[in-house]
Each structure stands twice: as structure tokens, then as C-alpha cells.
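Descriptive structure summary
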Amino acid sequence: MNFHDSEKLSAMLQQMGYLETENKADAELIIINTCCVRENAELKVYGNLGELKRMKQKNPDLLLAICGCMMQQKHVVEKIQKSYPFVDLVFGTHNLHRFPELLNNAYQMEGLLVEVWDHEEDIQEDLPVQRKFSTKAFVNIMYGCNNFCSYCIVPYTRGRERSREPEKILEEVKELAQAGTLEVTLLGQNVNSYGKTLEETMDFADLLNQINEIPGLQRIRFMTSHPADFSEKLMNAMANLQKVSPHIHLPVQAGSNRILKDMNRKYSREQYLEKISLLKSKISGIAISTDIIVGFPGETEEDFQDTLDLIRQVEYDSAFTFLYSIRTGTPAANMEKQVPERDKMNRFNRLVDLINEIGLKKNLDLIGTTVPVLVEGVSKNNPNRLTGRTDTHKLVNFDGQESHIGTIVPVTITEAKTFSLLGTLHK
Ligand code: SAH
Ligand code: SF4
């Protein structure tokens, strides 16, 4: 979501005549687009501000702006006003579209200009986007979240859930497909509840049906799905619609019913596992990824073992793993029995080992198979190799020609690593 917001900021800057530079020292304007989901990312912002202060002292004409969901929190803005007054402009997620005007105002005035809106407005359509990739693109289908998981700051910073009009989404995807984009990722905090705020009766499976019809488009992905709203209708759409990738990112967060309840996730371990087995029976070879938090308040070794056990049962292809991070203003921040850092780290390491072990095993199973790879470009680590993704979202490196970039080619897998595959072009 933040990455895609940055693509919008880049496009607004381009329209204003700015050029992007790789070298910070050359910049006349630096914007930090922040994320507040975990504390680590916030600490990094303060670290960066220390460095930017020195740059600003050397070059007083440098303009510094900070935006993103971290700015939607009052205490953060107060801290910036107090401790980092050399910043020129602060704005939030709800008024991103006002950036050009705010930037103009910041240039006209002395000191720090702050404009953060408490509440979301109607969805802003027709913002320009400067896409960072030519073969794949992100498309927002909804904004905000109503779930209020007890650890999560997102509903407070991104506001209430609202769905984008299907006509607007279809228009954007059609334009992308006409311009040569092969893959879209539909974005929302919980895409499974798409349509609830629309006047017409339409759900996410209906939307997928319509997007699947768009000529030229080859692959449809989406994130993120909330397990509680993951319906059989959606599973059937995934199974039947040829362009929808056989991959689901279905964050489980924890494997213990007690912890799931305290997290306010609205599903049990059994319900989650049932959905996974139904999905596996409908789509053979489906790849499954997840998000997991360790060290949620009150988590015991036994609860953690439940998480490890669930991971073994599902056999995830990959997972994003997080140490629980206290977010001021969320219910979990005030829960008793916060888990000591040492225990959190210990569990985290065991969690990552298990995830990697299973991920490698699943990748090894692919050796000898031929898979369709959307070729994204030249490999970062080896300029003689191309890199791309399978329809199950696995990274594949293989020897090929530059003319393959931007096409889907069959690749036979020859070697497997934990996070990537190696292959040769299938002749
Ligand atoms: N809407 C998505 C996720 C948004 S945040 C969903 O519900 O799946 C992405 C991930 O960050 C979450 O899935 C969760 O695993 C993690 N996360 C959110 N708040 C966190 C916190 N306070 N501490 C640690 N991880 C957190
Ligand atoms: Fe946060 Fe839960 Fe909403 Fe995801 S569904 S954004 S984890 S509150």
C-alpha cells in the first residue's frame, strides 16, 4: 500500500517538473513515506531524520517532507514539531492528493507546515501514478479497514473500509493491459470484504470475474485476504478463472485459539485449517503464504507450539514473520503479560527456521517441473541471468535473452534454494 502511494507521489512530482535522483546529496527535495505498522520502521524514520538534519544544515534550501501512515498519529506529529523542527512539511495518508498544493505552500513559508486529516474523505480518483515496473502493477480496490485486530494500528491510521467503484478499477486495469502490463495485484487491507460499501451488489469474486475478461492481461493477484471472510465462492472463482494466480496470501497470525481470540481475528485455528484444506482440494498445487506474529501479549510456549504445529499442517510456501510490536492506541498495547524480548527472539528464530525448512522442501519438489515464468528483468546478482516469477509467486532465475523480458516463458526448474529457484528455458 505504501509502495503504491509512493508511486503516486512520484507521478505528482514528475508532473510538477521534478526529476528523480539516485543520489541523496543531489536532491532539492526529500520525502520520507512512512509506515507505522511496526515500531522498527518508525525508529528507522527517526534515524534517517538525524542524517537529514546534517544535510539540511549544509544546504538550507533542501526541502524535507514526511508523509504516510505514521503521520496519522498525533503523538508522532508532536514529536516531529518538538524534536525535528527543521522538517518543512508533514502530511498524512488521507490528504495525499493535496501534496502539490502543500509543497507549494511549504516553499512559500518559513518553518514547518503540518496538514494531517483526521478522517478519510471520498476515494480520490484520477491521481497520476508513476509505475516502477512495466510488466506488473498495483491497483487499489479498497482503502481502510474495519477489523480492528487488537495489535494493529492500520484501522486508526487508514480509516474505515471503503471500496472503489468497479468501473474505475476496470478502467485502470484495461488501460494498464493496453499499455502492456501482464500482471496486476489488487490491493486492499482485506480484499475479501470488497463491495460492502458499494451501492450495487457486488463482491470480490464478482470483481475477479470481470477483471479476468480484460484482454491482454495475463495474471491477477491480490492482497491481503482475511481468513474470516474467505468464502467458498471466492475459492471457486480462484479455481475457475484462468488468469487468477494459484497463490493465496492468507495471514494466520497465530495458531493458538486463545491468542487468536485475544487478537480479535474472528476465526479459530480449526476454521482456518478447514478453509486451507478445502482450498487445496479445489486448486491442486496452490501456493500458500502467510503472516505470523510471535510474542503477542500472553503467548506461552504452548501457544507458540500451536503456531508451529499449524505451520507444519499447512506447509506454507513462505511467510512474513514479525515480532509483536506495541502500537500506542491499540487494545493489545495495554494488555498484561507482555512477552519478554528474549523469549520473543527465541521463538522468532525457531519460527523462521521452520518456515525456511518447509519453504526449501516445497521448492525442492519443483525440481524437474516446467513452470510459466513472467520475466521481469535482468537478475540483480548476475547480469547474465534473467529473473521472473512463477504464477505461484516464486522467484526464478534462468539464462535467457533480453527479448524475453515482459513475456511469460516456460522454465524447467533445475535447482532449488530457500527463497528462489534456478532453471533453464524450456525449448
Ligand atoms: N490487512 C492485512 C495486514 C496488514 S499489516 C491483514 O490483515 O492480513 C501486515 C502485517 O503486519 C499483519 O498481517 C501482521 O502480521 C503484522 N503486524 C501488524 N501489526 C503488528 C504489530 N503490532 N506487531 C507485529 N506485527 C504486526
Ligand atoms: Fe490490521 Fe487486522 Fe485490518 Fe489487517 S485486518 S489491517 S491486521 S486490523
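Residues numbered from 1 in each chain as written. Chains lettered and ligands numbered in written order. Predicted model: local features only at pLDDT ≥ 70, side-chain atom pairs only at ≥ 80, totals over all residues. Heavy atoms only, no water.

Digging into the overall build of the chain
- For the chain, the count of helices and strands is 12 helices and 17 strands.
- Computed over its C-alpha atoms, the radius of gyration of the chain comes to 22 Å, within 12% of the 22 Å expected for a compact globule of 427 residues.
- Overall, the C-alpha framework of the chain stretches about 65 × 55 × 50 Å when taken along its three principal axes.
- Here the chain, with 427 residues, has 52% of them falling under the buried criterion.
- Taking the contacts inside the chain whose residues are at least 6 apart along the sequence as the reference set, 73% of them involve residues at least 24 apart.
- A total accessible area of about 20400 Å² is found for the chain, and carbon and sulfur atoms account for 49% of it. (Helix = DSSP H or I, 4+ residues; strand = E, 2+ residues; numbered from the N terminus. Rg over C-alpha atoms; globule rule 2.2 N^0.38 Å. Buried < 20%, exposed > 50% of the residue type's maximum accessible area, 1.4 Å probe, protein only. Contact = heavy atoms within 4.5 Å. Areas by Shrake-Rupley, 256 points an atom, 1.4 Å probe, with all protein chains shown as cover.)

Looking at the domain arrangement of the chain
- Examined at the domain level, the chain breaks down into domain 1 (2–115), domain 2 (136–364) and domain 3 (370–425).
- With centres defined by C-alpha atoms, the gap from domain 2 to domain 3 works out at 25 Å.
- Listed by partner, the interface residues are 17 residues for domain 2 and 19 residues for domain 3.
- In this assembly, domain 2 packs against domain 3 so that about 1400 Å² is buried in total across both faces, 54% of it on carbon and sulfur atoms.
- In terms of surface lost to domain 3, no three residues of domain 2 exceed Leu182, Arg219 and Asn363, which account for 42% of the buried area on that side.
- Run the count over domain 2 and domain 3 and you get two salt bridges.
- A salt bridge links Lys394 to Asp317; the shortest N-O distance between them is 2.8 Å.
- Across the contact surface, domain 2 and domain 3 share 10 residue pairs in polar contact (both at pLDDT 80 or more).
- Element by element, the count of residues in the side of domain 2 that touches domain 3 is highest for helix H12 (residues 341–364), at five residues.
- For the side of domain 2 that touches domain 3, the residue count by class is five nonpolar, seven polar and five charged. (Domains from an automatic or database assignment. Buried area = accessible area lost by both parts, 1.4 Å probe. Salt bridge = Lys/Arg side-chain N within 4 Å of Asp/Glu carboxyl O. Polar contact = N/O pair within 3.5 Å; in protein donor to acceptor, adjacent residues only side chain to side chain. Nonpolar A, V, L, I, M, F, W, Y, C, P; charged D, E, K, R; others polar.)

Focus: the site of ligand 1
- In the vicinity of ligand 1, 15 residues are found, and the nearest of them are Arg38, Gln189, Gln253, Asp291 and Ser325.
- Between ligand 1 and Arg38, the relevant distance is 2.8 Å, taken from an oxygen atom to a side-chain nitrogen or oxygen of the residue.
- At 2.8 Å, a backbone N or O of Gln189 approaches a nitrogen atom of ligand 1.
- Computed on the free molecule, ligand 1 has an accessible area of 540 Å², of which 90% lies beneath the protein chains in the complex.
- Elements that contribute at least two residues to the shell around ligand 1 include exactly strand E11 (287–294) and strand E12 (318–323). (Near = heavy atom within 4 Å.)

Overview of helix H6 (residues 166–178)
- Compared with the 18 Å implied by 1.5 Å per residue over 13 residues, the 18 Å span of H6 between its first and last C-alpha is a close match.
- Buried within H6 are the following residues: Pro166, Ile169, Leu170, Glu172, Val173, Leu176 and Ala177. Relative to the axis of H6, the buried residues are bounded by an arc of 160° and lie together on one face. Those residues of H6 that are exposed and angled more than 90 degrees off the buried face are Glu175 and Gln178.
- Buried residues in H6 make contact with strand E5 (136–140), strand E8 (183–187) and helix H7 (204–212).
- Gly180 occupies a position one or two residues after H6 and carries a positive phi of about 105°. (Expected span 1.5 Å × (residues − 1). Arc of directions from axis to C-beta.)

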